[in-house]
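So the chains spell out like this:
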There are 2 protein chains.
Amino acid sequence: MNPIRVALWGYGAMGQGVARLVAERPGMELVAVVVRDKRRVPQPVPGDPLLTTDPEEMFARRPDVVLLSTTSFVRDVETIILRIVSHGVHVITIAEEMSAPAAADPAAAKRLHEAAAAHGVGVLGTGVNPGFVMDLLVVALTGVCHRVEHIEVQRINDLSPYGPTVLRTQGVGTTPEEFAAGLKSGAIVGHVGFRQSMHLIASALGWELERVQEEREPIVTRVRRQTPYIVVEPGQVAGCRHTATGWRHGREVVRLVHPQQIRPEAENVETQDFIHIQGVPEIRLQIRPEIAGGLATEALAVNMIPLLMAAKPGLHHMTDLPVPRAVLGDAGEILRSLRPA
Amino acid sequence: MNPIRVALWGYGAMGQGVARLVAERPGMELVAVVVRDKRRVPQPVPGDPLLTTDPEEMFARRPDVVLLSTTSFVRDVETIILRIVSHGVHVITIAEEMSAPAAADPAAAKRLHEAAAAHGVGVLGTGVNPGFVMDLLVVALTGVCHRVEHIEVQRINDLSPYGPTVLRTQGVGTTPEEFAAGLKSGAIVGHVGFRQSMHLIASALGWELERVQEEREPIVTRVRRQTPYIVVEPGQVAGCRHTATGWRHGREVVRLVHPQQIRPEAENVETQDFIHIQGVPEIRLQIRPEIAGGLATEALAVNMIPLLMAAKPGLHHMTDLPVPRAVLGDAGEILRSLRPA
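Residues numbered from 1 in each chain as written. Chains lettered and ligands numbered in written order. Predicted model: local features only at pLDDT ≥ 70, side-chain atom pairs only at ≥ 80, totals over all residues. Heavy atoms only, no water.

1. Details of the nonpolar core
One finds Leu67, Ile151 and Ile305 of chain A together with Leu67 and Ile305 of chain B to be the most contacted residues of the largest nonpolar core, which totals 146 residues. Ignoring sequence-local partners within four residues, the contact set of Ile305 of chain A consists of Ile4, Val6, Met28, Val65, Leu67 and Ile92 of chain A. (Core = buried A, V, L, I, M, F, W, Y, C linked by side-chain atoms within 4.5 Å. Buried < 20%, exposed > 50% of the residue type's maximum accessible area, 1.4 Å probe, protein only. Contact = heavy atoms within 4.5 Å.)

2. Quick word on the pattern of salt bridges
Side chains bearing opposite charge may pair, as long as their charged atoms lie close to each other. In the structure shown here, the tally under the stated rule is 34 salt bridges over all chains. The partner of Arg155 of chain A in a salt bridge is Asp273 of chain A, with the nearest N and O atoms 2.9 Å apart. Of this pair, Arg155 of chain A sits in strand E7 (residues 147-158) while Asp273 of chain A sits in strand E13 (residues 272-280), and the two are 118 residues apart along the sequence. Of the two residues examined, Arg155 of chain A and Asp273 of chain A, each falls in the buried class. The salt bridge involving Arg251 of chain B is made with Glu149 of chain B; its shortest N-O contact spans 3.9 Å. Of the two residues, Arg251 of chain B sits in strand E12 (residues 251-261) while Glu149 of chain B sits in strand E7 (residues 147-158), which places them 102 residues apart along the sequence. Using a relative accessible area of 38% as the deciding quantity, one classes Glu149 of chain B as partly exposed. (Salt bridge = Lys/Arg side-chain N within 4 Å of Asp/Glu carboxyl O. Helix = DSSP H or I, 4+ residues; strand = E, 2+ residues; numbered from the N terminus.)

3. Some points on the environment of Thr297 of chain A
Residue and element names in this part refer to chain A. Looking at where Thr297 falls in the secondary structure, it is placed in helix H9 (residues 293-303). In the structure, Thr297 is positioned 127 residues away from Gln170 in sequence and 19 Å away in space, judged by C-alpha atoms. Each residue touching Thr297, except ones within four places of it in the same chain, is listed here: Met14, Ile94, Gly127 and Val128. A polar atom in the side chain of Thr297 sits 3.0 Å from the backbone nitrogen of Val128. (Polar contact = N/O pair within 3.5 Å; in protein donor to acceptor, adjacent residues only side chain to side chain.)

4. So, the interface of chain B and chain A
Taken together, the contacts link 51 residues of chain B with 51 residues of chain A. Approximately 4,100 Å² of surface area, both sides summed, lies buried where chain B meets chain A, with 63% of it carried by carbon and sulfur atoms. The largest per-residue losses of area from chain B upon contact with chain A belong to Val144, His146 and Val323 of chain B, which jointly make up 16% of the total buried on that side. Summed over the shared surface of chain B and chain A, the result is two salt bridges. When the shortest N-O distance is used, the salt bridge between Glu24 of chain B and Arg147 of chain A registers 3.0 Å. Those elements that place two or more of their residues in the side of chain B that touches chain A are helix H1 (13-24), helix H5 (136-142), E7, helix H8 (194-205), strand E14 (283-287) and helix H9 (293-310) of chain B. As paired elements, strand E14 (residues 283-287) of chain A and E14 of chain B share three bridges and run antiparallel to each other. Across the sheet, the residue bridging to Gln286 of chain A is Gln286 of chain B, located in E14 of chain B. (Buried area = accessible area lost by both parts, 1.4 Å probe. Pairing = 2+ DSSP bridges.)

5. Remarks on the environment of Gln16 of chain A
Within the secondary structure, Gln16 of chain A is located in helix H1 (residues 13-24). Sequence separation between Gln16 of chain A and Gly239 of chain A is 223 residues, and the spatial gap between their C-alpha atoms is 26 Å.

6. Overview of the sheet that holds strand E2 (residues 28-34) of chain A
Residue and element names in this part refer to chain A. Spatially, the seven strands line up as an open sheet ordered E3-E2-E1-E4-E5-E6-E15, and their pairing is parallel. For this open sheet the edge positions go to strand E3 (50-52) and strand E15 (314-316), each flanked by a neighbour on one side alone. Averaged over all pairs of adjacent strands, the angle between strand axes in this sheet comes to 20°, irrespective of strand direction. Pairing of strand E5 (residues 90-93) with strand E6 (residues 122-125), which is carried by three bridges, proceeds in the parallel orientation. Residue pairing across strands places Ile92 opposite Leu124, the latter belonging to E6. (Axes fitted to C-alpha atoms, helices over the stretch in contact; angles between N-to-C directions.)

7. A short note on the relation of the copies chain B and chain A
When chain B is fitted to chain A, the best match, at an RMSD of 0.0 Å, comes from turning it 180° and sliding it 0.0 Å along the axis. Both chain copies can therefore be described as sitting about a two-fold axis. Scanning chain B for the C-alpha nearest the rotation axis identifies Pro322 of chain B, at a separation of 2.1 Å. Residue by residue, 100% of the interface of chain B is reproduced at the interface of chain A, so both copies engage with the same surface. (Least-squares fit on C-alpha atoms with pLDDT ≥ 70 in both.)

8. So, the side chain of Thr319 of chain A
Note that Thr319 of chain A resides in the loop between E15 and helix H11 (331-338). What Thr319 of chain A contacts, discounting residues up to four positions off in sequence, is Leu136, Val139 and Leu200 of chain A together with Pro322, Val323 and Arg325 of chain B.

9. Points about the packing of helix H3 (residues 74-86) of chain B against helix H4 (residues 106-119) of chain B
All names here are of chain B. Relative to each other, H3 and H4 sit at 10°, their axes nearing to 9 Å. The orientation of H3 with respect to H4, classified from their angle, is roughly parallel. Considering how the two elements wind past one another, H3 and H4 form a crossing that is left-handed. Taking contact as the criterion, the partners of Val74, Glu78, Ile81, Leu82, Val85 and Ser86 in H3 are, on H4, Ala108, Arg111, Leu112, Ala115, Ala116 and His119. For the contact of H3 with H4, a count of residues per class yields eight nonpolar, two polar and two charged. (Parallel < 35°, antiparallel > 145°, perpendicular 65-115°, else oblique. Left-handed = near helix turned anticlockwise from the far one by under 90°. Nonpolar A, V, L, I, M, F, W, Y, C, P; charged D, E, K, R; others polar.)

Right under this line is the structure:
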């Protein structure tokens, strides 16, 4: 069987991890990478693909699927996805809002679905969160429930490995006053994806949420915290505690809590993913330490390739495809086993 | 939208739980129950369905799906499933071996698949284990992995709620000598489903396991343990510690450990579900206490109805359908939202 031909669009930290993974997977071939500036690409690129700034050159390598990792927002990736789809090529993106684009822009979601269906390919947004911890895993756990009264998820993670862009959008290194101003101006955003996770949970369970509410608070450190990228002094902000609540019939039914900070261990905070479903039966799940975000997002983007290619054409969500799995055998054979006979 | 018409075949403890759940779910209607002896049916039956010993009377109520809960084994349920399928009715069963029937009998799996496909309906085996804890949840977690070196799952549960049949097949109340003899004669079987879980994990990941090995040991109690159904004295057997290992390229890659006993707290054993994936990233998941088995199996049987009805006809596994979810809204509407437009 011919290998699955994979191209990347975007080659930041995440794209580089994805490239390594594609290159080592049997049955996958990395055929091209669309970059912004060839001179700034760290060498060597695994799998020795074509490097190009011109998407048309990438399409000329006839990829089966493009893994897109540029920005977080539907408004920024819609045009790119429509362009890829128009070449009859599947798209998997780690753009957070694309995990449930209708939560950000229902009209865009409809356009994407119709274009993908018309060209006979699939479009999927995935990643560790949104895409897994706060939605797919939660939905799967409710599958063993007779009743669900309330869902709480906490993802307590460590921003220490992340560089300046991420730290800035989380307000790390600001004073509490600068943090407040940053929230107002939109420079500090916290987590992107709560609305998508809420949307995925609610539509899977058949709930209508009348209201989703978000809150962002600074995590002010009492001790000095340091990473390769930043030093934060006592009294400054080490991260953002971002919470979303979903309401139904006047009652809170979903609470998603995501405190993200550098060096959480400096104040004895243990990182973890935690899910508590109040219902019948009651479920308490803990993953400690938390699922490593960068690695997990890279893995999901690659592991979902055969699942998306085997699905019916159109826009997909993690909750309407079979569960992700590490595609460790020959990806082409796994794809064949998934396709209708 | 018309409600989904559900019938039950089998009305033991599990069937009764399923009936309660179907009756309370919006968009589902319990239309008939096939029982062995009408005089022995506990009253009232939720949803007031037709009670009958004659399957043809059940079919005359035109169910969309039959939930089958009679025995654990493919050899016992194949004929029943083929009969249901021939009426153009979907089948969900909690027969453990049906979660991956090819692991028990590849020819039967093929027959079931072809019959279901020919009649345009789906067939699915599900349950808490096999079907969820030791396979679906494990597979889903590997989805965030670049590499998987070894998988260990422990399900430490409590048999105290269970009656004489289950206790007997686990050897509860025997002496260690009787336990050994029971294993030999086949009267004591331990857990049914390891081969199915191994099969689901291996085929999802694209692994070929060259060997699956099982071991059963008595859990001999040091203290008196008592349930409504049995008293076990010190030195007697309180349960069965059943383990399966899967081997690939001469190395153990999967270890499933399932000690089942009455009153585990009597010797300070904490019940839990535990998954440890050695790989990149490494993952340690804990659900404490363990997912309540009976409730979860009932819920999965009912919650999978719209997912199976929306899937393409044929034999399905939990790993090739979208993740389970608590179907809390109108089941008919959820079904419609899942079906291709």
